[in-house]
Every structure is written in structure tokens, then in C-alpha cells.
Amino acid sequence: MRSGFKFKDRHSSDFGITVKTKSRPIRPEAKVYTLDIPCRDGAYDLSEANSMGREYFYDRTFVITVSVCSDNLYTLQDRLSLLSAWLMGSGELIFDDMPNTVWYGKISDEIIYMPEHGGKTAVLEVSVRARPFAKCIFGTEGPVLDTYINIDNTILLVLEETMHYEVSGQADIAVWNFGERPLRPCMRIQGGGGIILTLGERMLSFEGGDVCIVDFERQSVEVNGKNVSVSGEFFEFAAGNNLLHVENSTSAVVTIDISYTPEFNYGVNLEAIDWGERNA
């Protein structure tokens, strides 16, 4: 599969190279934990025996073949030097044929080249270890200027507005995850006293203030700029609509703004997303 890619805000075309994907797995390897008991057939699969009740996954590896051509051996080495500097470290990876899909990858393996055509061409295999799941090129802030959107795609341009809620006392709010994977968003809560957030059988409570930042990914709550202790447990939001129950110990109106960037199993297919589900 011949296709260029963007890595660390630089495109492969900037280096005058030819790129071909050698391996691009569409599913990461699951972390499997089993218990083998003597005198029993088979084994017990404990992969989902954790606080979130789901399986977890290892990073996935993409293998890319890169061809570098030059007029002579000396200019070839100059090109390889520039390429070496670019392929150090980690950053966002976007393949040309998946413009709405962002991987976060790291190149840590040794890269060795094979000289061809009298030393005028070098062929390299680059392995990128990426996070298990891809992110959409935009989050709840919606598409920004220059974001690639197919003319046939129908998307909700006011995503940020749909993630704003006002609650007085207590209420149920529908938190929509338009990705395919469970996510841990960030919530900004303004106003109110004691706050209790309940999703299903999981509950999280803390003493609020003027501005509260609830970061489910980092599992922290910051009130008026200081970290505070919490009761209960942090939780995840499944794909689709999640009914979150919010309780406020005062009668004041509490405003809640939720932000996140959704994750997908492989590619981000904007046309396959049911944008009407947000209002379901």
C-alpha cells in the first residue's frame, strides 16, 4: 500500500521519499490473563476481572518501508541524516489514506538501511509503536480550520455546545461519547457545594467550589486550583449515550462543560457516526 504520512508535524513528502505500508494491524493484541486449574478442562479467562470490567490491550506496531533516492552516495547520506533527525522520538502520526485518524506513536527500534543501485538508493524499514487505539482528529471542540472533512460527510458542527449542561439540585444528563471506545473525559463544574456524580453503580463525590476540574483520565479533582480528596471511584463513559446523575447539595444552578477526544478501534469513519444519537 503506497501512502505518505505525517509525523511530528512534518510530512514524508518534505523529505522526497517514497513510502509503502508493510504492516498496519486493524486490531491490537488483547492482554490475556488466564488461570489454569488442575483436573479441570480449559482455563478461566480473567482478562475482564478488573475495576472497569473490560479487557485491555497492548500497543500496536506499524511497519513502514521508506525508499530514499539520490544522485550519488554523498547526497544520499545527507538525506539520510535529515531523515534520522525526523524519525527520532514520539508524536502524532497521520496516514494520508486515514486523514481523520490520529495515532500517537514512538519510533524506538533501530533503523538499518540497505543500499541499492550503486549506493544511490536506500531502503529502510521503520517500525512505529503506537497506542492501542486511534483518536479522532477533533474532539468536542469540533473541527477547526483546515481540518480535512469529506464533502459527503455529515457532522455536528456545534459539538461543544451539546456538551454544556445546567443543573439545579439534581438531574440526569446524557453524556454522548461519539467514539467506539470507553473514554475518560474532563469536566469543568462551576458553582455548587457538595457534588455527587453517579453513572450506573459507580459514584464519585467531592466538596465543590467556584470552579471544579474533574479529570477522569488522571483520576484527580481540582477545586479552585487545588487538588482535593474524593469519595467513591472514577469511571469510564461507554460508546454512545451515558446517563449521568448529578447531585448538588445547594439549590444553586451548576454549569457543567465536558471535553474529550474520542477513540476508535481503527479508522475514524465520520460517515458511520450517528450524529442524531446525541439528541436521542
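Calculation notes
- Residues numbered from 1 in each chain as written.
- Predicted model: local features only at pLDDT ≥ 70, side-chain atom pairs only at ≥ 80, totals over all residues.
- Heavy atoms only, no water.
- Helix = DSSP H or I, 4+ residues; strand = E, 2+ residues; numbered from the N terminus.
- Polar contact = N/O pair within 3.5 Å; in protein donor to acceptor, adjacent residues only side chain to side chain.
- Contact = heavy atoms within 4.5 Å.
- pLDDT = per-residue confidence, 0-100.
- Salt bridge = Lys/Arg side-chain N within 4 Å of Asp/Glu carboxyl O.
- Buried < 20%, exposed > 50% of the residue type's maximum accessible area, 1.4 Å probe, protein only.

K.L.:
Just to check I follow, could you spell out the side chain of Glu236 for this structure?
P.N.:
Among the structural elements, Glu236 can be located in the loop between β20 (231–232) and β21 (240–248). A distance of 2.9 Å separates polar atoms of two side chains, one belonging to Glu236 and the other to Arg54. Of note is the side chain of Glu236, whose polar atom sits 3.0 Å from the side chain of Arg184. Sequence-distant contacts of Glu236, defined by excluding residues within four places in its chain, comprise Met52, Arg54, Tyr56, Pro182, Leu183, Arg184 and Leu199.

K.L.:
How do you make sense of the confidence of the model for the protein when you look at a structure like this?
P.N.:
Averaged over the protein, the pLDDT score is 89; the fraction of residues at 70 or greater is 91%. Of all secondary-structure elements in the protein, the lowest mean pLDDT belongs to helix α2 (residues 159–162), at 77, while strand β23 (residues 263–264) reaches the highest, 97.

K.L.:
Got a minute to help me understand the pattern of salt bridges in this structure?
P.N.:
Side chains carrying opposite charge are able to pair once their charged atoms draw close together. With the rule as written, the count across this model stands at 11 salt bridges. The partner of Arg27 in a salt bridge is Glu55, with the nearest N and O atoms 3.6 Å apart. Residue Arg27 is found in the loop between β3 (17–23) and β4 (34–35), and its partner Glu55 is found in the loop between β5 (44–45) and β6 (60–69); the two are separated by 28 residues along the sequence. Note that Glu236 and Arg54 form a salt bridge whose closest N and O atoms lie 2.9 Å from each other. Remark: Arg54 occurs in the loop between β5 and β6 and Glu236 occurs in the loop between β20 and β21; sequence separation between them is 182 residues. Residue Arg54 is classed as buried on the basis of its relative accessible area of 18%. Each of Arg54, Arg184 and Glu236 takes part in a single network of salt bridges with overlapping partners.

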